[in-house]
Amino acid sequence: MAQILDGKTLSKEIEAELTERVKKITAKGHSPKLAIMIVGNDYASQTYVKMKMNASRRIGVEPIEFHFDETVTTEQILKTLKELNNDKNVVGIMLQHPIPKHIDERKIDDSILPSKDVDGLNSASFGAMALGLTAFAPATALSIMTILRRYKIQIEGKKAVVIGRSAILGKPVSLMLLNDNATVTICHSKTVNLPEIVSQADIVVAAVGKPKFVKAEWIKKGAVIIDAGYNEGNVGDVDLEHAAESSSAYTPVPGGVGPMTIAMLLEQTVIAAEKEFLNK
């Protein structure tokens, strides 16, 4: 029977660990804060921000929301960002995605100090992560790696297929798997013979944003399935209803990668707080 890689339970364990670490910071008179910037009134984005803020409060980090109107300019956001970069108590800063197309997203992400880039989207953070150096990583990619490591899924020497090449998930998780000595194939919309490639994988990471895109017959018996998708109807990017039985382990949707992504944002925030307040 396939093992369920329960991200919901694991995220609660991590939150408990983080709460104890934050207590050591607050005991010394410090009040770490996480700044979350959101643009517009996208319902899903607002829901995600609320979840992140609630989780932040649970571990003892104060969240601060900066809600910009849809018509805000890049320069206006950068002005607020400069103030946050200079605020010692703000240990983490993140920009909720997606944002309107008229905003220069890359300029904003790259203007966040790497030491406060707890969502791991700064180019400098990405480059250091790719080189295997100590750096903040994109939270969803890190959540996948943490699930694999905490559940002691062997990565070294395994064939991993990542379906999706986004800058915040597909590319970084591919590099992180490579750094952990997996043999990695990155697939995307232009890939030829995708089912055949997936059928050779020991680890399948699905991050395409299409409901039930990965079919059960593509999955090699005994493979590990990491479903990083979340689509309308509470379904992922893999047809888990039929594919799970062929796997040795899989992440459920919901309750897999999603809750762990928030946990990783918090973990990197706590690391930033420890560096700022305890390790100087």
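Structure's up top.
In this text the structure is predicted, and so the values were computed from the model without any measurement.

### Comments concerning a nonpolar patch on the surface
Together, Tyr48, Met51 and Tyr230 make up an exposed nonpolar region whose accessible area comes to about 310 Å². Checked against the element boundaries, tyrosine 48 lands in helix 2 (residues 43-59). For tyrosine 48, a relative accessible area of 38% gives the class partly exposed.

### Some thoughts on the environment of glycine 7
With respect to the helices and strands, glycine 7 occurs in helix 1 (residues 7-26). Among the residues examined, glycine 7 registers a relative accessible area of 0% and is labelled buried. The spatial distance from the C-alpha of glycine 7 to the C-alpha of valine 257 is 5.9 Å, given a sequence separation of 250 residues. When residues no more than four places from it in sequence are discounted, the contact partners of glycine 7 are Gly255, Gly256, Pro259 and Met260.

### A closer look at the sheet that holds strand 8 (residues 224-227)
Pairing between the strands of a sheet is mediated by backbone hydrogen bonds and can be parallel or antiparallel. Pairing in this open sheet of six strands is parallel, and the strands run 1-9-8-7-5-6 from one edge to the other. At either end of the open sheet lies a strand with only one pairing partner, and these are strand 1 (3-4) and strand 6 (183-187). Two elements, strand 5 (residues 159-163) and strand 7 (residues 203-206), share four bridges in a ladder whose sense is parallel. When the bridges of strand 7 are listed, valine 161 appears paired with valine 204.

### A look at the pairing of strand 4 (residues 90-95)
Extensive coverage of strand 4 is indicated by the burial of six of its six residues. The sheet contact formed by strand 2 (residues 33-39) and strand 4 spans five bridges and is parallel. Following the sheet pairing, methionine 37 is matched in strand 4 by leucine 95.

### With respect to the packing of helix 1 against helix 10 (residues 257-277)
When two helices pack together, their arrangement is given by the angle between the helix axes and by the axis-to-axis distance. Their axes nearest at 9 Å, the elements helix 1 and helix 10 cross at an angle of 15 degrees. Classified by the angle their axes make, helix 1 and helix 10 are roughly parallel. Between helix 1 and helix 10 the crossing geometry is left-handed. In contact with Gly7, Lys8, Leu10, Ser11, Ile14, Glu15, Leu18, Arg21, Val22 and Ile25 of helix 1, helix 10 contributes Pro259, Met260, Ala263, Met264, Leu266, Glu267, Val270, Ile271, Ala273, Glu274 and Phe277. Split into classes, the residues belonging to the contact of helix 1 with helix 10 amount to 14 nonpolar, two polar and five charged.

### A look at the packing of helix 5 (residues 123-130) against helix 7 (residues 170-179)
Running from N to C, helix 5 and helix 7 cross one another at 30 degrees; their axes reach a closest spacing of 9 Å. The orientation of helix 5 relative to helix 7 falls into the category roughly parallel. Of the residues in helix 7, those touching helix 5 at Phe126, Met129 and Ala130 are Lys171, Pro172, Leu175, Met176 and Asn179. Across the contact of helix 5 with helix 7, the residue classes break down as six nonpolar, one polar and one charged.

So, how was this worked out
- Numbering of residues begins from 1 in every chain and follows the order in which that chain's sequence is written.
- pLDDT decides what is reported in this predicted model: residues at 70 or higher carry local features, side-chain atom pairs at 80 or more are listed and counted, and totals for whole chains, interfaces and linings draw on all residues regardless.
- For side-chain calculations, the full set of non-hydrogen atoms in the structure is used, while hydrogens and water are omitted.
- Residues forming no salt bridge and having over 30% relative accessible area are the ones grouped into patches, like charges within 9 Å of each other and nonpolar side chains (Val, Leu, Ile, Met, Phe, Trp, Tyr) within 5 Å.
- To be clear on the numbers: accessible area is Shrake-Rupley with a 1.4 Å probe, and residue cover counts the displayed protein chains and nothing else.
- In the sections that follow, a salt bridge refers to a side-chain nitrogen of Lys or Arg positioned within 4 Å of a carboxyl oxygen of Asp or Glu.
- Numbering of helices and strands runs from the N terminus; a helix is a DSSP stretch of H or I covering at least four residues, while a strand is a stretch of E covering at least two.
- A 1.4 Å probe rolled over the protein chains alone gives each residue an accessible area, and that area as a share of the maximum for its type sets the label: buried under 20%, exposed over 50%, partly exposed in between.
- Contacts are residue-level and defined by heavy atoms, with any inter-residue pair within 4.5 Å sufficient.
- Each pair of strands is called paired provided DSSP finds at least two bridges between the two strands.
- Under this scheme, a helix contributes an axis fitted over its contacting stretch, all axes are lines through C-alpha atoms, and angles between N-to-C directions fall in the 0 to 180 degree range.
- Should an angle fall under 35 degrees it is called roughly parallel, over 145 degrees roughly antiparallel, and 65 to 115 degrees roughly perpendicular, with every other angle called oblique.
- Two helices that cross are described as forming a left-handed crossing if the nearer one is turned anticlockwise from the farther one by less than a right angle, and a right-handed crossing if clockwise.
- Under this grouping Gly is polar, as are all residues other than the nonpolar Ala, Val, Leu, Ile, Met, Phe, Trp, Tyr, Cys and Pro and the charged Asp, Glu, Lys and Arg.

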